[in-house]
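So you can see what is in the structure, the chains are spelled out below.
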Amino acid sequence: MTDPADMSKSRPSGARTARRVKGLAGTLAAPPDKSVSHRALIFSALAAGESRITGLLESDDVLATARAVAALGAEVSRDGAGAWRVSGAPWTSPAAPLDLGNSGTGVRLLMGAAARFDLEAVFTGDASLSSRPMARVLDPLAQMGVRSECADGGRLPARLFGSSRLKPIDYTPPVASAQVKSAILLAGLGAEGETIVREPHATRAHTETMAPLYGADLTVERDGASAVARVRGGAPLRAFDLDVPGDPSSAAFATAAALICADSAITLSGVMTNPARFGLYETLQEMGADLTLSPSGARAGEALVDLTVKSSMLKGVDVPPDRAPSMIDEYPILSVIAAFAEGRTVMRGLAELRAKESDRLAASAALLQANGVTIELGEDTLIVEGCGPSGPPGGGLVQTHHDHRLAMSGLVMGLGARAPVTVDDVAMIATSYPGFFDDFAALGAVFEAG
Ligand code: S3P
């Protein structure tokens, strides 16, 4: 396959400073969805025949997954920007450890997908990924018959011994996590019988939506907020051609910028509106955001909209905790937006944020405090006292803790705050949104080095 290292060469790194701008304008294609991109590579690598993927997100996280599935035995090639071909094969022991970099989705889904083959694989990651919990995936996999060895407390590096004789399980994850659910379902594709995952609060269901496209025998029953997914092992997977929809989580950054910068009007085309991913936009509408959603077809079975966003007078709201799974990645940027609202915004049910690329709850609170915003931080709550449309004082240095969403949130804060905002490093932005700087420049926002 194309060496992904070549594709990462010109990524910006180091500190950047954002200054207040007005009049952001233009139309952008929403960046391709990260969750769907990882899954497209994994399913294609498991399926017989050649799958074509168009609009693949070529971010560092997704490229790490591409490299890993190639090392596990799939044939992977790149025809041009976002256009990839993957031919699946039974997975075998990779010659070297699989380095998933910063990607929790990559490592957890691959552990599940690799579990059903008679192979031995070592999974590694960067410092952030090596501090994140893996037992949440390895424990249920152990119940299915997968042996693993890892560092103290279930951290990477982890050595996994897969098995072609997996037992199905009936599992209710103790945390709301699409990664955990997906790992079990991917392992269940090869188990002898029916594997069931029960979610009291349904998380994103991309694995469930995509698996049948590749021939898997997987069904989902939904009842209010809960969902039960069942996969029957053994169905042969076949190649499928897939066009990746736009990522609502990445689109959130330009959306936020347009809301808080005066005289702005932008359009993001092709944004996926899957309800399990759209909680931020629902919240923004409650805050009074001027959003116009025009249906614009579908990709990979996901409905899309062209989203027009205009500068808005926002008011603080109470975000219910049961909305968290549908906007779990969006709290850092929502907390920035809340700083520009009139009144207080209360966000509850955020315990999972502490297990992300950084402790995102503490880091979001620190981002706001560094820029003069009054907050209250609890174990699983964040309350933001909005500064109103004149914006927060700004002037802070944001510690990103190598977390891409903190870096982008800090830069967006600086586009609207009264004084410039500096973020300590922007290199990690490429893990999820390599086009961030080009997209923002196209809208009229340029960030200064240093
Ligand atoms: C993802 C699930 C979420 C999310 C991550 C992508 C996925 O993680 O934060 O960015 O693609 O399944 P958790 O499962 O840890 O909540």
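Residues numbered from 1 in each chain as written. Predicted model: local features only at pLDDT ≥ 70, side-chain atom pairs only at ≥ 80, totals over all residues. Heavy atoms only, no water.

## Examining the pattern of salt bridges
And step 1. Under the definition given, this model contains 30 salt bridges.
And step 2. Between arginine 159 and glutamate 120 there is a salt bridge, with the nearest N and O atoms lying 2.7 Å from each other. You can see arginine 159 sitting in strand E9 (residues 155–161) and its partner glutamate 120 sitting in strand E7 (residues 120–124), a full 39 residues away along the chain.
And step 3. By relative accessible area, arginine 159 is classed as partly exposed at 32%.
And step 4. Close ionic contact of arginine 198 with aspartate 170 constitutes a salt bridge, the shortest N to O distance being 2.8 Å. (Salt bridge = Lys/Arg side-chain N within 4 Å of Asp/Glu carboxyl O. Helix = DSSP H or I, 4+ residues; strand = E, 2+ residues; numbered from the N terminus. Buried < 20%, exposed > 50% of the residue type's maximum accessible area, 1.4 Å probe, protein only.)

## Digging into the site of the ligand
And step 1. Around the ligand, a shell composed of Lys34, Ser35, Arg39, Thr105, Arg108, Ser177, Ala178, Gln179, Arg204, Ile328, Asp329 and Lys356 is seen.
And step 2. Within the side chain of arginine 39, an N or O atom sits 2.7 Å from an oxygen atom of the ligand.
And step 3. About the coverage of the ligand: the protein hides 96% of its 380 Å² of free accessible area.
And step 4. Of all the elements in the fold, those that place two or more residues in the shell around the ligand are helix H2 (34–46), helix H4 (104–114) and helix H7 (178–188).
And step 5. Each of domain 1 (4–32 + 246–449) and domain 2 (34–243) contributes no fewer than three residues to the shell around the ligand. (Near = heavy atom within 4 Å. Polar contact = N/O pair within 3.5 Å; in protein donor to acceptor, adjacent residues only side chain to side chain. Areas by Shrake-Rupley, 256 points an atom, 1.4 Å probe, with all protein chains shown as cover. Domains from an automatic or database assignment.)

## Some remarks on the packing of aromatic side chains
And step 1. Taken as a whole and assessed by the stated rule, the structure comprises 10 aromatic pairs.
And step 2. Arranged with centres 5.2 Å apart and planes meeting at 20°, the rings of phenylalanine 43 and tyrosine 214 form a pair that is stacked. With phenylalanine 43 in helix H2 and tyrosine 214 in the loop between helix H8 (206–210) and strand E12 (217–223), this pair connects stretches of sequence that are 171 residues apart.
And step 3. Residue classification places phenylalanine 43 among the buried positions, given a relative accessible area of 1%.
And step 4. For tyrosine 214, a relative accessible area of 0% corresponds to the buried category.
And step 5. A ring pair is formed by phenylalanine 278 and tyrosine 281, whose centres lie 4.5 Å apart and whose planes are at 25°; its orientation type is stacked. (Phe/Tyr/Trp six-rings, centres within 6.5 Å; stacked < 30°, edge-to-face > 60°.)

## Some remarks on the pairing of strand E21 (residues 381–385)
And step 1. Bridging between strand E19 (residues 344–348) and E21 involves five bridges; their strand directions are antiparallel. The residue of E21 that forms the bridge with valine 346 is isoleucine 383.
And step 2. Here strand E20 (residues 375–377) runs beside E21; their pairing, made up of three bridges, is antiparallel. Note that in E21 the partner of leucine 377 across the bridge is leucine 382. (Pairing = 2+ DSSP bridges.)

## Considerations on the domain arrangement of the protein
Where the parts come together, the accessible area they lose is often given as the size of the interface.
And step 1. As assigned here, the protein comprises domain 1 (4–32 + 246–449) and domain 2 (34–243).
And step 2. The C-alpha centroid of domain 2 is placed 28 Å from the C-alpha centroid of domain 1.
And step 3. Listed by partner, the interface residues are 31 residues for domain 1 and 32 residues for domain 2.
And step 4. Counting across the domain 1 and domain 2 interface gives four salt bridges.
And step 5. At the junction of domain 1 with domain 2, the criterion picks out 14 residue pairs in polar contact (both at pLDDT 80 or more).
And step 6. Within the residue set of the side of domain 1 that touches domain 2, elements represented by two or more residues are helix H1 (4–7) and helix H13 (404–416).
And step 7. No other element matches the three residues that H1 contributes to the side of domain 1 that touches domain 2. (Contact = heavy atoms within 4.5 Å.)

## Regarding the packing of H2 against H4
And step 1. The interhelical angle for the contact between H2 and H4, taken along N-to-C directions, is 25°, at an axis separation of 11 Å. Comparing the axis directions of H2 and H4 gives the class roughly parallel. Note that H2 runs across H4; the crossing there is right-handed. Contact residues: Lys34, His38, Arg39, Ile42 and Leu46 in H2; Thr105, Gly106, Leu109, Leu110 and Ala113 in H4.
And step 2. A breakdown of the residues in the contact of H2 with H4 according to their chemical character gives five nonpolar, three polar and two charged. (Axes fitted to C-alpha atoms, helices over the stretch in contact; angles between N-to-C directions. Parallel < 35°, antiparallel > 145°, perpendicular 65-115°, else oblique. Left-handed = near helix turned anticlockwise from the far one by under 90°. Nonpolar A, V, L, I, M, F, W, Y, C, P; charged D, E, K, R; others polar.)

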